[in-house]
Amino acid sequence: MIYGPTILFALGEGAVIPLLPVLATSMGADLAASSLVVTALVIGQLCGNLPAGWAVGRFGERLTMIASSLVTLLGTLVLIFAPSVGMLMLSALIIGFSASAFGLARHAFMTTRVPLFFRARALSLLGGSFRFGMFIGPFVTALLLSIFGTEYASIWFFVACAVAVILLVTFGPDPEKAAPVVPTVVRAPAAEDADTGELISTGSIPTVAAHEGVFRTMLNHRDVLFRLGLTAAALSGLRSARQSLLPLWGVSLGLDAQSIALIVGISGAIDFALFYASGQVMDRFGRLWAALPATVLMTAGFLALSLTHDLPEATMWFGAFAMMLGVGNGLSSGILLTLGADTAPQHDPAPYLGSWRMMTDGGATVAPLAITAITAVASLPVAAAAMGVLGVFGSIGFARYIPRFVPRPDGRE
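Everything numeric in this text was worked out from a predicted model, so none of it was measured. (Residues numbered from 1 in each chain as written. Predicted model: local features only at pLDDT ≥ 70, side-chain atom pairs only at ≥ 80, totals over all residues. Heavy atoms only, no water.)

Asks: Sorry, what's going on with the environment of Gly394 here?
Replies: If you trace the backbone, Gly394 turns up in helix α18 (residues 380-405). Sequence separation between Gly394 and Leu292 is 102 residues; the distance between their C-alpha atoms is 8.4 Å. Apart from the residues lying within four places of it in its own chain, the contact partners of Gly394 are Thr231, Ala234 and Thr295. (Helix = DSSP H or I, 4+ residues; strand = E, 2+ residues; numbered from the N terminus. Contact = heavy atoms within 4.5 Å.)

Shown next as structure tokens:
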């Protein structure tokens, strides 16, 4: 009941995302308009984080997951009957909006119910569940296309996944009742503990720790959000840049589609295979020992790749550094979820997590746009180098702010 709905949701979404540009092109859209359809999905996810934080804090994880799945079902039906590119874009916006609510609801559940010493492994599994769906989804699409010969078979598959999630979450056992909130010791806000300065337990919600709302939470936690949050956004940007830059790099080298798909696919397989290793490292040695090596590895990969474009063995270097980026991305699995959970107020994490995820999703949104702009003004190697510079700032930020804001797995600050 914890990971099953997540896998189903991600599987349906992963099957549909590759089809969005195809559907837009079939409706007469050019390449720029087709890319806007995919961008609408990301924008919807970015815009949905703050409302999702409010909804989870107000109605709870289960009701938010049911509601978001129903909205997803609506968006998918719009996708099936969309008469124009504009409606296609609206459908992608709706799906992205509801996907952010679904993901935040499960993130908030894990934050309050998984003990600190096991949290990173649990959240790495959650991140791995999303990755599994996104990794397998395109293969499901290929199979359905070979059987039915139409793209709409994959959309109906997403409909079936959404219905299955609704039924499973509605009628299955409620994890919120089966798994009690983990007792946690946190530092009370200064205005509330000015007399004693002592730590208070939030195993049960104290009367002074009432729901603060999204914007009040952003204000109260602005220090960590604009320091560690921006650092996490840099890592999220690196991960997003890998997905958008590698295919473009292959095209710029003159490789055919099959070769590009093979290199990118192997890089993705390495990424998926390593998703649990990050959680093991974080729980055993601390968050910094996973976040910093993963960021440094991806930074080195982008910087080195930027120097190889015009070399005689450029294709070989492309494959080698694509694998390197896959390793770094795999080792970063669950890091953003875990850091968000670690720094969230345990009595009411959803509003904070909405702000946290808005920042990380913002990094994932801005990086591909920056690559497009830099490539248009300068060149693709310069864009790769710019992502490497972004990684340098991310590495410095993790080294500085994780020891400052994140508790150790053994409970010490």
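The discussion continues.
Asks: Just checking my understanding: could you explain the pattern of salt bridges for this structure?
Replies: Should the charged atoms of two oppositely charged side chains come close, the side chains can pair. Applying the stated criterion to the full structure yields nine salt bridges. For Asp283, the salt bridge goes to Arg121, with nearest N and O atoms at 2.8 Å. Here Asp283 is found in helix α13 (residues 275-285), whereas its partner Arg121 is found in helix α6 (residues 116-148), with 162 residues between them in sequence. Here Arg404 ties to Asp223 by a salt bridge, and the two come within 3.5 Å at their closest N and O atoms. Separated by 181 residues along the polypeptide, Arg404 in helix α18 and Asp223 in helix α10 (residues 222-225) bring together distant segments of the chain. Given the relative accessible area of 46%, Arg404 is considered partly exposed. On the basis of relative accessibility, which here comes to 31%, the residue Asp223 falls in the partly exposed class. Within this structure, Arg119, Arg121, Asp283, Arg287 and Asp342 form a network of salt bridges that share partners. (Salt bridge = Lys/Arg side-chain N within 4 Å of Asp/Glu carboxyl O. Buried < 20%, exposed > 50% of the residue type's maximum accessible area, 1.4 Å probe, protein only.)

Asks: I'm lost on the nonpolar core in this one. Help?
Replies: The nonpolar side chains of a soluble globular protein tend to be buried with one another. If you look at the biggest cluster of nonpolar residues, it comprises 58 residues, and the most contacted ones within it are Leu228, Leu245 and Ile335. Looking at this core element by element, the count peaks at eight residues for helix α11 (residues 228-252). Leave out the neighbours within four places in its chain, and Leu245 touches Phe302, Leu305, Ile371, Leu380, Ala383 and Ala384. If you look at the next biggest cluster of nonpolar residues, it comprises 21 residues, including Ala29, Val37, Leu79 and Val85. (Core = buried A, V, L, I, M, F, W, Y, C linked by side-chain atoms within 4.5 Å.)

Asks: I would appreciate a short explanation of a nonpolar patch on the surface in the present structure.
Replies: Judged by side-chain polarity, Leu303, Val389, Val392, Phe393 and Ile396 come together as a nonpolar surface patch covering roughly 450 Å² of accessible area. A per-element tally of the nonpolar patch places α18 first, with four residues. Within the secondary structure layout, Val392 lies in helix α18. Look at Val392 and you get partly exposed, because its relative accessible area is 38%. (Patch = residues over 30% accessible without salt bridge, like charges linked within 9 Å, V, L, I, M, F, W, Y side chains within 5 Å. Areas by Shrake-Rupley, 256 points an atom, 1.4 Å probe, with all protein chains shown as cover.)

Asks: What is the right way to read the confidence of the model for the chain from this model?
Replies: The predicted coordinates of low-pLDDT regions are not to be read in fine detail. When pLDDT is averaged along the chain, the result is 84; 88% of the residues meet or exceed 70. Within the chain, the element-level pLDDT minimum falls on strand β2 (residues 199-201), averaging 41, and the maximum on helix α14 (residues 288-305), averaging 95. Below pLDDT 50 for its whole length, residues 184-194 participates in 18 contacts with residues either more than four positions away or in separate chains. Here residues 197-209 is a poorly scored stretch, pLDDT under 50, and it has 21 contacts once near neighbours within four places are set aside; other chains count. (pLDDT = per-residue confidence, 0-100.)

Asks: Whenever I open this one, the packing of helix α16 (residues 335-343) against helix α17 (residues 349-377) confuses me. Can you help?
Replies: Helices that pack against each other are described as a pair by the angle of their axes relative to one another and the distance between those axes. Interhelical geometry of α16 versus α17 gives an angle of 145 degrees and a closest axis separation of 10 Å. Seen along the crossing, α16 lies across α17 with a hand that is right-handed. On the side of α16, the interface is formed by Leu336, Leu337, Leu339, Gly340, Ala341 and Thr343, while α17 contributes Tyr352, Leu353, Trp356, Arg357 and Thr360. Residue composition of the contact of α16 with α17, by class: seven nonpolar, three polar and one charged. (Axes fitted to C-alpha atoms, helices over the stretch in contact; angles between N-to-C directions. Left-handed = near helix turned anticlockwise from the far one by under 90°. Nonpolar A, V, L, I, M, F, W, Y, C, P; charged D, E, K, R; others polar.)

Asks: I keep staring at the packing of aromatic side chains and nothing clicks. Help me out?
Replies: To describe a pair of aromatic rings, you give the distance between the ring centres and the angle between the ring planes. Tallying each qualifying case throughout the model produces eight aromatic pairs. Relative to Phe272, the ring of Phe132 has its centre 5.9 Å away and its plane inclined at 40 degrees; by these criteria the two rings are tilted. With a gap of 140 residues between them, Phe132 in helix α6 and Phe272 in helix α12 (residues 257-273) connect regions that are remote in the sequence. By way of ring pairs, the aromatic residues Phe9, Phe102 and Phe158 are connected into one cluster. (Phe/Tyr/Trp six-rings, centres within 6.5 Å; stacked < 30°, edge-to-face > 60°.)

Asks: Would you mind showing me how to read the side chain of Thr64 here?
Replies: Within the fold, Thr64 resides in helix α4 (residues 61-81). Leave out the neighbours within four places in its chain, and Thr64 touches Ala55, Val56, Ala101 and Ala105.

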